[in-house]
Amino acid sequence: MSNQTGEKEYILSVLARNNPGVLLRISGLFSRRCYNILSIVAAQTENAEYSRILIVVLGDDRIVRQVDKQLSKLEDVEDVSVLDRDRAVVREHLLMKVERTLQNSEKLVEIANVFHANILNVEPDSMILELTGDAASINSFIELYNPYHVVKILRTGTMAMMK
Amino acid sequence: MLLTGAQIVMECLLEQGVDTVFGYPGGAVLNIYDALYEYRDKIRHIRTAHEQGAAHAADGYARSSGKTGVCIATSGPGATNLVTGIATAYMDSVPMVAITGNVSSDLLGLDSFQEVDITGITMPVTKHNFLVKDVENLADTIRRAFRIANTGRKGPVLVDIPKDLTAKRCEYTRSEPLALPKTALPKPERLEQALEMIRKSERPFLYAGGGVVASGANDALKDFAERIDAPVSCSLMCQGGYDQTDARYIGMLGMHGTNTSALAIKNCDLLIAVGTRFSDRVLCNAGLFAQHCPILQIDIDAAEFNKNIDVDLRLHGDAKEVLTCLNEQLTPVRHSEWMGMIQGWKALYPLEQKAPSDEAVTPKELMETLDRLTGSEAIIATEVGQHQMWAAQFYRFRHPRQFISSGGLGTMGFGLGAALGAQVANPDKRVVNIAGDGSFHMNCNELSTAAQYRIPVIELVVNNTVLGMVRQWQKLFYESRFSQTDLDRATDYEMLARAFGVKALTIRTKSDIEPVLKQALALNEPVLINCYIDPDLNVLPMVPAGGCVEKPILEM
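Residues numbered from 1 in each chain as written. Chains lettered and ligands numbered in written order. Predicted model: local features only at pLDDT ≥ 70, side-chain atom pairs only at ≥ 80, totals over all residues.

**Some words on the overall build of chain B**
Counting secondary structure elements, chain B contains 22 helices and 19 strands. Computed over C-alpha atoms, the radius of gyration of chain B comes to 24 Å, within 12% of the 24 Å expected from 2.2 N^0.38 for 556 residues, which places it in the range of a compact globule. Across its three principal directions, the C-alpha atoms of chain B cover 70 × 60 × 40 Å. Within chain B, the fraction of its 556 residues that count as buried is 55%. Across chain B, every contact between residues at least 6 apart in sequence was considered, and the portion connecting residues at least 24 apart equals 78%. (Helix = DSSP H or I, 4+ residues; strand = E, 2+ residues; numbered from the N terminus. Rg over C-alpha atoms; globule rule 2.2 N^0.38 Å. Buried ≥ 20, exposed ≤ 12 C-beta atoms within 10 Å, placed from the backbone. Contact = placed C-beta atoms within 7 Å.)

What follows is the structure, encoded as structure tokens:
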């Protein structure tokens, strides 16, 4: 997870009041303070008054502590936690459209089966696949389909929950 | 009782003890202004020449009184004109509530006439903001706005109210403001560590910032300085937070700090920073700042620790409470050798200014004469530039809330509006706005406000006919290529002042200083003084951006 500059990926879980503009307040903070967001996932929680926002940040410990403290100052933010990957379930969701021909059709299905991926739709010249997993298995999955011409990829970004 | 939204706004302001607001009317705030007419015996409204002036006036009102400043503007351009004022307050942590009207709810989002997304625009420069969508929530939103503005590290909050809501009726019940939540004291083991660091130190250096003024920690700071026997330096935001006539005071630290402060930071064995965020104007170069000594930082905002510079120990809490707590545990000590060194440097490196000719006015003499004639008791507002630094260097501020200046944002055009606000909040004090001729031109329209409401501020224009601070940088770093900084303006300052209904006086030579200042101070009405100085005077000492704070340029 580290790159050459010593930066790492951190997962932040933010609980925020579900007020209008709350996502803009949070993402705006990242852009104006020059923090790098790799992915962001936001949705209402079990309590409709709150949203849970999972943000993957690229940085070092110092930057993440700053992000944590700056986020905590936002009026709508109730709680910020930096998730420990070793103690969390980390998943991502992928939808991928792949070009299909008479020749490769069987191969496409075979790869999907290996990954226990779902085939959501099949057209004469394409098919849509669905996979949930950690970032590494999703990356491998995409890699295996690359030779068959991937038309479109949609990834949710990281979701994580402490065990 | 059943009230309109506009009346609810008035009632909520009264709940908060607001008796003065600054603003400018317009279409979307017609109902609010109608209510202001109804409540005119209870709430005084000062209409400025421009909404920016209203925001700065609310800011100056807040800085000089410690109360929350309130400004009101209409939708669209009215609201955007407040933005510089809101950003100024945000950077300097000034409690302010800005109330803007917006187009009616059914017109929101349709690019309607004078519509702007002001909550979107001000998100980065407010502590929080609200777009009220239901009149039922209006009262609680305004109450929350005041609460947020004053809780923890203070700052501005904006409330945007669509026009239809100000006409809608709703049941209102008065509610007294709740006590503000207190910031907890640092953990006992942290305090113990701090006490140990302080007791071990033989050459402590106390550096105070705007947090001291915001928390009213000035007495605790003085007590602390005496107990630990340390020299005291104040940031621009803390001018007056420590009595500058006291022997411990050694001037500012940083880009235009004194050489004594530079030597003190080089030689100290502990830096204690209270209520300061280590701005780049103080650090100059974070990598070269106080490398050899531990830093103990006290601040109310946890996000200010290890932001601009890594510190060795952080005490999170309100400056006054933390200092009081430390004082209780500290037996007074003496560091005679260290304080002797400090006094030696002070004697060796006083702030000086060479006059270009025998008759020429130096800002030093101008400020020192003003200081003497006002008994160091005036409220001094400033614009931004050389004159601002000279005011901070040569006027001896003795009390908190005496120096009103845009430190963080560096807003030219801030001072006159802020001075009006400060004078309205402090009718019994002398208020002087020290301006440069560049800054003066930005918002000189507010002279009309001073004249109309007979707000007796002294507008002292330190006129060098150039944009002196930028020009000074051009001199140092751009081989004197004075790009756009020689103003060559034809403005007749005295005639301009009179056109606005303001008296005007002129200082041309050294011998004019005292009689003209005396004359202005004797008047109880707004007056402009046009004071000519040499364009080539510099603010010194100076540490270039990126330079080492310990090595200021002393002459150029």
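Moving on, there is more to tell.
**A look at the sheet that holds strand 10 (residues 232–234) of chain B**
Residue and element names in this part refer to chain B. Reading across the sheet, the five strands line up as 10-9-11-12-13 and stay open at both edges, with parallel pairing between neighbours. Each having just a single partner strand, strand 10 and strand 13 (313–316) make up the two edges of the open sheet. On average, each strand axis in the sheet is inclined to that of its neighbour by 15°, with strand direction left out of account. In this fold helix 8 (residues 188–200) packs onto strand 9 (204–208), strand 11 (270–274), strand 12 (295–299) and strand 13, with an angle of close to 130° to the strand it touches most, strand 13. (Pairing = 2+ DSSP bridges. Axes fitted to C-alpha atoms, helices over the stretch in contact; angles between N-to-C directions.)

**Examining helix 4 (residues 77–91) of chain B**
All names here are of chain B. The end-to-end C-alpha distance of helix 4 is 22 Å, a good match for the 21 Å that 15 residues give at a rise of 1.5 Å each. Approximately 35° is the largest bend angle found in helix 4, and it occurs at valine 83. Most of helix 4 sits inside the fold, with 12 of its 15 residues counted as buried. Within helix 4, burial applies to Gly78, Ala79, Leu82, Val83, Thr84, Gly85, Ile86, Ala87, Thr88, Ala89, Tyr90 and Met91. The inward-facing, buried residues of helix 4 abut helix 3 (51–65), strand 4 (69–73), strand 5 (96–102), helix 5 (118–122) and strand 7 (156–162). Remark: serine 93 follows helix 4 within two positions and exhibits a positive phi of approximately 55°. (Expected span 1.5 Å × (residues − 1). Bend = angle between axes of the 7 residues up to and from the residue.)

**Comments concerning the domain arrangement of chain B**
All names here are of chain B. As assigned here, chain B comprises domain 1 (2–171), domain 2 (188–348) and domain 3 (363–532). Placing the centre of domain 2 and that of domain 3 at their C-alpha centroids yields a distance of 30 Å. Each partner contributes residues to the interface: domain 2 has 13 residues there, and domain 3 has 14 residues. Of the residues belonging to the side of domain 2 that touches domain 3, the class tally is four nonpolar, eight polar and one charged. (Domains from an automatic or database assignment. Nonpolar A, V, L, I, M, F, W, Y, C, P; charged D, E, K, R; others polar.)

**Some details on unusual backbone geometry**
It is generally the case that most residues other than glycine have a negative phi and that most peptide bonds are trans. Residue and element names in this part refer to chain B. Between leucine 540 and proline 541 the backbone carries a cis peptide bond, its omega angle lying at -5°. Of note in the backbone geometry, alanine 290 takes a positive phi value of approximately 45° without being a glycine. Within the element layout of this structure, alanine 290 appears in the loop between helix 12 (280–283) and strand 12. Looking at alanine 290, the number of C-beta atoms within 10 Å reads 23, which means it is buried. Although it is not a glycine, threonine 465 adopts a positive phi angle of roughly 65°. Looking at the secondary structure, you find threonine 465 in the loop between strand 17 (458–463) and helix 20 (468–477).

**Notes on helix 3 of chain B**
All names here are of chain B. If you check helix 3, its first and last C-alpha atoms are 21 Å apart, about what 15 residues at 1.5 Å a residue would give, namely 21 Å. Burial of helix 3 is extensive: 14 of the 15 residues sit out of reach of the surface. Of the residues flanking the end of helix 3, it is glycine 66, one or two places downstream, whose phi is positive at about 85°.

**Here we look at the pairing of strand 3 (residues 50–59) of chain A**
Each regular strand displays side chains that alternate between the two surfaces of the sheet. Residues and elements named next belong to chain A. The sheet contact formed by strand 1 (residues 8–17) and strand 3 spans 10 bridges and is antiparallel. What sits directly across from leucine 15, in strand 3, is arginine 52. Note that strand 2 (residues 36–44) and strand 3 share eight bridges and pair antiparallel. Bridged to isoleucine 37 within strand 3 is valine 57.

**Observations regarding the pairing of strand 2 (residues 20–23) of chain B**
All names here are of chain B. As paired strands, strand 2 and strand 3 (residues 44–47) are joined by four bridges and run parallel to one another. Each bridged residue has a counterpart across the sheet, and for phenylalanine 22 the counterpart in strand 3 is isoleucine 46. Traced from strand 2 through helix 2 (residues 30–38) to strand 3, the parallel crossover comes out right-handed. (Right-handed = clockwise from strand over helix to strand, strands pointing away.)

**Description of the nonpolar core**
In this structure, Cys71 and Ile529 of chain B are the most contacted members of the largest nonpolar core, which totals 181 residues. Ignoring sequence-local partners within four residues, the contact set of cysteine 71 of chain B consists of Val21, Phe22, Gly23, Ala54, Ala55, Ala58, Leu82 and Ala98 of chain B. Core analysis: the next-biggest nonpolar cluster, separate from the first, contains 16 residues, Ala16, Ile26, Leu71 and Leu74 of chain A among them. (Core = buried A, V, L, I, M, F, W, Y, C linked by C-beta atoms within 7 Å.)

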